[in-house]
Structure formats: structure tokens, C-alpha cells
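So the chains spell out like this:
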Protein chains: 2
Amino acid sequence: MAVRMQDVAARAGVTAATVSLALSGSTRISAATRERVTRIAEEMGYRPHVGAQALRTDSTRSIGLIVSDVANPFFADLAGEIQRAAARHRYSLVLCNSDEDPDRQDDYLAALLAGRRVDGVIVVPTAAMTPGLRQAGATRARIVLLDRPVALTSRDAATKHLAQSPIVRSDAREALDEVAELLTGLGHRRIGIIAPPLQTQVGQERRDLLVDALVRRGVPRRSITVAEGDFRQDSGATATAQLLARRQPPTAIFAADGLMAVGALKGLRSAGLQVPRDVSLVGFDDAPWFDLFDPPLTAIAQPIVALASAAVDAMLALLAGESALGSQPACQLVHRGSCGPAATGRAA
Amino acid sequence: MAVRMQDVAARAGVTAATVSLALSGSTRISAATRERVTRIAEEMGYRPHVGAQALRTDSTRSIGLIVSDVANPFFADLAGEIQRAAARHRYSLVLCNSDEDPDRQDDYLAALLAGRRVDGVIVVPTAAMTPGLRQAGATRARIVLLDRPVALTSRDAATKHLAQSPIVRSDAREALDEVAELLTGLGHRRIGIIAPPLQTQVGQERRDLLVDALVRRGVPRRSITVAEGDFRQDSGATATAQLLARRQPPTAIFAADGLMAVGALKGLRSAGLQVPRDVSLVGFDDAPWFDLFDPPLTAIAQPIVALASAAVDAMLALLAGESALGSQPACQLVHRGSCGPAATGRAA
DNA sequence: CTGAAAGCGCTTACAG
DNA sequence: CTGAAAGCGCTTACAG
């Protein structure tokens, strides 16, 4: 049996209530008693039973994190930083993987929230809106939306509450503008975009931001082709094959996700194409090993540490009953070797 | 307020005790009542308060996982698979990152176990033995050792209990034997090993297994040089520099970790060396993007899914009070392009 | 400044 | 087959 507050109280010759007050640092307890109790608790290795605390205070001091895929290095890093940030505030992290499956996401949401396993959930939404998300909104759960916004078109109370939820994600506008500048500067006119699922808002946004930046620089809209991926590596390869199969294939490709960029590079290779000689490639999400690729991959890096601490700060504010603002730290383009002049033989 | 068992009972016109029994499927309750209660609970979206359950039953239905670094793709994948396996049994996963720091590991161990936040902990030990690990043993905590063994030299009760803890890790013997075969077959005689910290058992083992396999094939022991790393990328680069600085630098390098292999490749490059023309390289841990490297990295892949389910199965057995066996699924060498004939100009 | 008491939401012997 | 009651380990108003 682990040591209970009762045991500490007995040893200190006081009552459990006094121990509780002493350990919480209440000034209602004399300094002498407080110190003695604290010391004894320490000696005995006392830790409060979190279940009992949760029952009494309705606070578990843990938060849930539902990511779409921890095997994706971006989310792995993010999860690690979020755990670190949470631990700094003595919060535990319950990790779940939705695997991009809305039903799984909703299962985890319900298990975490309704079961009071956690005080709030940081979630990377797998779809624009799901019943579970709406349900979480209806119960006024503490939710932080990470990396992806959700569709807030309905007017019901659940949606209205969800609309109050802070959303933390990176701002790719400038970086995508730089990508447009880079590619047009290299003479590219036919651009392929491997987008995230287009029924999600990130999908539409990353596409639109790049398309607009390209059009602003004189690239005709119809020479920009979009292939839809699903954030996973294989979809990057498939989408690449689709883009290459067009009558006028792109001379440069932007993959809106790290794993899809890896897939795109594989797809390009298996088509016998050289990067950047035949086709230029820019990825989204960066990794320490991208500069070992052949060629080193030019990519947009997300501000992972900033995202993690913003998400945790937002959650803590929510838990403190304060209104929490979202945050949009900026991305940064990392220039490496996967972009080159548009191949003239293939140019429009 | 979330719906409580009491609310379900009121709606069903029974008492809370009956609801509890009905939901747990007890045959002490008539089938009719059981079904009705179950249906009503479902309709009301009832989920038991895990804190209350934990307090009453001393079981949280969640397990802790302390990895050394989730940013390491091997551990990210492993954590993902463990979460998946745990979820299949309706267990939650509380994730912690020790960051290879024994003190942090011990903090998490204490917080998780003493606070009864979880029923047991799967831990990747950061050192051969730590006070926290010993303490966990002393309280007969349910511990599964993952990826790395610990030193069980002491004879005290704590260590004895820890010695009962199942240990789940991959078996690299055959794969390392294959590496020795491959490298000696290519004419390599001077081999460099970038080992994990040598005060850990994995460190010694991965080194010894490869050294023995090489010696068995006629490589003189003194032409094998070992540089110590710390599982992180930078240490791979540093260790590589050390190996290259020797009077007789190795013609082939084995990096005993995925991140250190990435570091090694970077180190080789910044030394102006070409792989595999000048130096051959073999890594430990595989990743889907290793074949995009220049050159594609030959590496030993660990059986991640098998490790994850073995770890969870072992934990479930422990929680069920059964004696749990460890497991050692085998690794597999993945041949790619980073090994070539020993450079004659540099050969012994 | 400290103690005695109630109660958070469950589960499980114990009655009937 | 179901109900009434106790108790898991805490915290917090209420006495004194």
C-alpha cells in the first residue's frame, strides 16, 4: 500500500485536514506545522492519490492530446514539446492517436472528457467537424484546436462554444509567399500542389495561399494543378504520379506535409526523374535529416516549440477560467538543394 | 456537470448499485434490467468517472510510458504502436519524455506510480540503475523494461522484484552477424563502432555482439575502434570525427542508433568523405525515408509492432497478477546503398 | 491555528 | 434479483 495522507498525519501527530492544508501551503496553518508536515511527507515519499483528488476537486492535472499520427515526425516532435511544456506546470499528458480517423478521434474525445480522465484536450482535428467535436462543444469542454481549424458554420450552442476554443497553428503565409517567389524566380510556370484533404480547412488554406501568391506573380491559374493527398507518405507518391500523368506536367511540386514530401520524392524517383534537374520540389514540415536527402530537401519549417507552448498556455488559461487566445507563430522556409531552374525542355 | 451513475439510476428507476452491476455485466442482475440500464446509460452518454473508479478499485485503466526521446523516430513509432495496443484493451497511455536524463525519469516514475496516476509503467531506462527504478522495485510496482535492460547486480529485495519485471527488446544478434558478414565480405578490416553510452547494458551489448561477430570472421580486435555516443544526432557526428581522427581511421562505421547514424552521415560529409566510396556506413533503427538519403542508408530495422504489443501484453499480464515473460523479437538488416568495398587506398 | 465531518462518484460485501 | 450502506483518499466549509 502506498502512503496515504492519513499516514503522514499520524506520523506528524495532526489530522489529515491539517496535512492537506499544510501541503497546499495554506497560511491558515502555522509555519512550524507546515514545515514539519512537509518534511515528514517528503520523508515518507507521500504523493496524493490523483484519483481521490480528481474526485474531490474535479481536476486531474492532466491534459489529453489527440494527434492524427505520432509516426509523423512533425507530430512526434510536437507531442514531445507539449509533454515537456505540460510537465513544467506539473501536468501529465495522455496521448492518443486518431490515425486520421474521425471516429477514433471522437472515441478518444469521449473517453478522455466524459470519463473525466483529463481536464481538457488539445486536439488535431481529423475533419472539418465531427459529432464528437460538437458534443465536446455542447458540454463546454476545454478544447484547444491544434494545427488545423474546424468549420464553424452552424449556429447552434455547441458550435458557438467551440468557436471560443483557442486555435493554435502556424502561419504559413509568408513562407508560402517566399516559395512562390523562389519558384517563379527560377522560371517555373507549371506548378503542382500536393494538398492535404480538401474538405479540411488546412487543405484549402495551404493550397489557396500558395495559389494566390503564384497568381500574384503572374502564373496563370490554370497552369497550377492540385492533387489531393491525405497527409501520409503513400498519398504523396500517388499524387505525384497523378501530377506527372498530365499532358503538361508541372516543373515544380509543392507537397503540403512532410510525409507527403517524402512520398513525392519517392514518386519522382520511381518515375525516373531527377530533382531538381527535371522537377523542383518543396516540402512542408522540416526534419533534421532532410539535408541528407538526395537532393537536400527545401522545406517550410513549422515553429514547433512555439506551437507547443502556445497550445499548453492556451489550455492552462482555459483551465484557469480565463479566456484564451489562439496563436499563429510564423513558419520559415529553409533553402536547400531541391529547387532549380525550370527545365526548358519541359517548360510551357 | 457530466452525467453520473446516479442520474442513470434515477432515469432507469433503479439504484446506483444496480447500474454498476448491470454495466459490468453481472448476472446477478436480470437480463431485462441489464439491457434497459445499458441502453439508458448509452442514451445519456454516461461514462464512469475514472477518478472515482480509481479510488474505489485501485485501478486507473491507464499505463505510463517513459521514453527517452519521442523526437527519435524509433521511439515515436514505438509510442504510437503502444498507444494503439493499449487502446485495444481500453487502456489510456500517459506519455513522458525522460530526455535521457535519469533524474527526470525518476521524477516521472514517482509521479506516475506514487500518485497512482497509472497502474503500471513501461519504461525505457536511461541508465543501468537509478534510485527511482530501485524505489519502484521496492514498492513492487508493475514495471515493464523496454528496449534496454538494467543492471541487477544488487541482492536487495527491490532489485529482486525488479528482476521479475519483464523486459522487452529486440534481438540484434543475427542482424549484427549479418553486418559483420557484409562488411568483412566487402574487405573491411578497420571498423568503427559508434556505441550507445557504455555504462548502459545496451551500449555494451550492441558493441560486443558486433565485435564478436567481426572477430569470429578474422578481424583483429585492435583494428576495431569504439566511440561512445549518447543516442542523439550530434553525438553521431562527434563520434565520427573522433573515429576519423585516428591514425588508422576505419573504412566502415556502424552507428548503433538511428539518430546517431544520421549524425554519422553528416559527420562523414563535413569531413569531405563520400559514402560508400570512402567509408561504408550501417545504421541501427530504420525509417521510411532512409532510402531517400544520399546514399540510401543500410540499416538494422527493429520489429516495432512486435515490441509494442509484447510490451503491452506483458503489462496486462502483470496487471492481471500473472507472471509475465519478456520477449525478444528479432531485428532485420535492410540492405541499401551505404556499404561498398573497402577503399584500397585507405585499407590496412 | 487545528479538528471533526461531510461528500466527490463509484464498487462491493451484506441484507432481504 | 435488487436495495441500503460503507468506504476508497482526498478537500473544504464549519466549529471551536
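Fair warning: this is a prediction, and the values are worked out from it, not measured in the lab.

A few points about the UniProt feature "domain: HTH lacI-type" (unreviewed entry) in chain A
At step 1: Feature annotation in UniProt places "domain: HTH lacI-type" (unreviewed entry) on residues 3-57 of chain A, given in this structure's numbering.
At step 2: This span, residues 3-57 of chain A, is 69% helix and 0% strand, and a straight line between its end C-alpha atoms measures 20 Å.

Overview of the protein's contact with DNA strand C
At step 1: Among the 23 residues in the neighbourhood of DNA strand C, the closest are listed as Thr-18, Thr-33 and Arg-56 of chain A together with Ser-20 and Arg-56 of chain B.
At step 2: Take the atoms of DNA strand C that sit within 4 Å of the protein: sugar and phosphate atoms are 59% of them.
At step 3: Between DNA strand C and Arg-28 of chain A there is a distance of 3.1 Å, counted from a base oxygen to a side-chain nitrogen or oxygen.
At step 4: Note that a base nitrogen of DNA strand C is positioned 3.4 Å from one of the backbone N or O atoms of Ala-52 of chain B.
At step 5: Mapped by element, the contributors of at least two residues to the surface near DNA strand C are α2 (16-23) and α4 (50-57) of chain A together with α2 (16-23) and α4 (50-57) of chain B.
At step 6: Per element, the largest residue contribution to the surface near DNA strand C is 4 residues, and it comes from α4 of chain B.
At step 7: Considering only residue class, the surface near DNA strand C consists of 10 nonpolar, 8 polar and 5 charged.

A short note on the sheet that holds strand β6 (residues 191-195) of chain A
All names here are of chain A.
At step 1: Pairing in this open sheet of 6 strands is mixed, and the strands run β7-β6-β8-β9-β10-β11 from one edge to the other. Each end of this open sheet is capped by a strand with a single partner; those strands are β7 (224-228) and β11 (332-334). Pairwise comparison of adjacent strand axes, ignoring direction, gives a mean angle of 20 degrees for this sheet.
At step 2: Each of β6, β8 (252-255), β9 (280-284), β10 (298-301) and β11 touches helix α9 (residues 173-185); the most contacted strand, β11, lies at about 40 degrees to it.

Notes on the interface of chain B and chain A
At step 1: Contacts between the two partners involve 51 residues from chain B and, on the opposite side, 50 residues from chain A.
At step 2: Surface buried jointly by chain B and chain A totals about 4,400 Å² across both partners, of which 57% is contributed by carbon and sulfur atoms.
At step 3: If you sort the residues of chain B by the area they bury against chain A, Arg-117, Trp-289 and Leu-292 of chain B come out on top, with a joint share of 17%.
At step 4: At the junction of chain B and chain A, the tally comes to 4 salt bridges.
At step 5: At the boundary of chain B and chain A, one finds 24 residue pairs in polar contact (both at pLDDT 80 or more).
At step 6: Looking at side-chain class alone, the side of chain B that touches chain A contains 27 nonpolar, 10 polar and 14 charged residues.

Observations concerning the pairing of strand β10 (residues 298-301) of chain B
Residue and element names in this part refer to chain B.
At step 1: Both faces of β10 are covered, namely the face carrying Thr-298 and Ile-300 and the face carrying Ala-299 and Ala-301.
At step 2: The sheet contact formed by β10 and strand β11 (residues 332-334) spans 3 bridges and is antiparallel. Bridge pairing in β11 places Ile-300 opposite Leu-333.

As for helix α10 (residues 201-216) of chain A
Residues and elements named next belong to chain A.
At step 1: Over its 16 residues, α10 extends 22 Å from the first C-alpha to the last, a length consistent with the 22 Å expected when each residue adds 1.5 Å.
At step 2: Turning to α10, its buried residues number three or more, namely Val-202, Gly-203, Arg-206, Leu-209, Leu-210, Val-211, Ala-213 and Leu-214.
At step 3: Tucked into the core, α10 has its buried residues touching α9, β6, β7, β8 and β9.
At step 4: Just downstream of α10, Gly-218 is the residue with a positive phi angle, here 90 degrees.

Section: the packing of aromatic side chains
At step 1: Applying the stated criterion across every chain, the model contains 8 aromatic pairs over all chains.
At step 2: Aromatic side chains Phe-290 of chain B and Phe-293 of chain B sit 5.1 Å apart centroid to centroid with 45 degrees between the ring planes, which places their arrangement in the tilted category. With respect to burial, Phe-290 of chain B and Phe-293 of chain B carry one shared label: buried.
At step 3: Grouping aromatic residues by their ring pairs yields a cluster made of Phe-290 and Phe-293 of chain A together with Phe-290 and Phe-293 of chain B.

The rules behind the values
- Residues numbered from 1 in each chain as written.
- Chains lettered and ligands numbered in written order.
- Predicted model: local features only at pLDDT ≥ 70, side-chain atom pairs only at ≥ 80, totals over all residues.
- Heavy atoms only, no water.
- UniProt positions renumbered as here; feature names shortened; annotations may be inferred.
- Helix = DSSP H or I, 4+ residues; strand = E, 2+ residues; numbered from the N terminus.
- Near = heavy atom within 4 Å.
- Polar contact = N/O pair within 3.5 Å; in protein donor to acceptor, adjacent residues only side chain to side chain.
- Nonpolar A, V, L, I, M, F, W, Y, C, P; charged D, E, K, R; others polar.
- Pairing = 2+ DSSP bridges.
- Axes fitted to C-alpha atoms, helices over the stretch in contact; angles between N-to-C directions.
- Contact = heavy atoms within 4.5 Å.
- Buried area = accessible area lost by both parts, 1.4 Å probe.
- Salt bridge = Lys/Arg side-chain N within 4 Å of Asp/Glu carboxyl O.
- Buried < 20%, exposed > 50% of the residue type's maximum accessible area, 1.4 Å probe, protein only.
- Expected span 1.5 Å × (residues − 1).
- Phe/Tyr/Trp six-rings, centres within 6.5 Å; stacked < 30°, edge-to-face > 60°.

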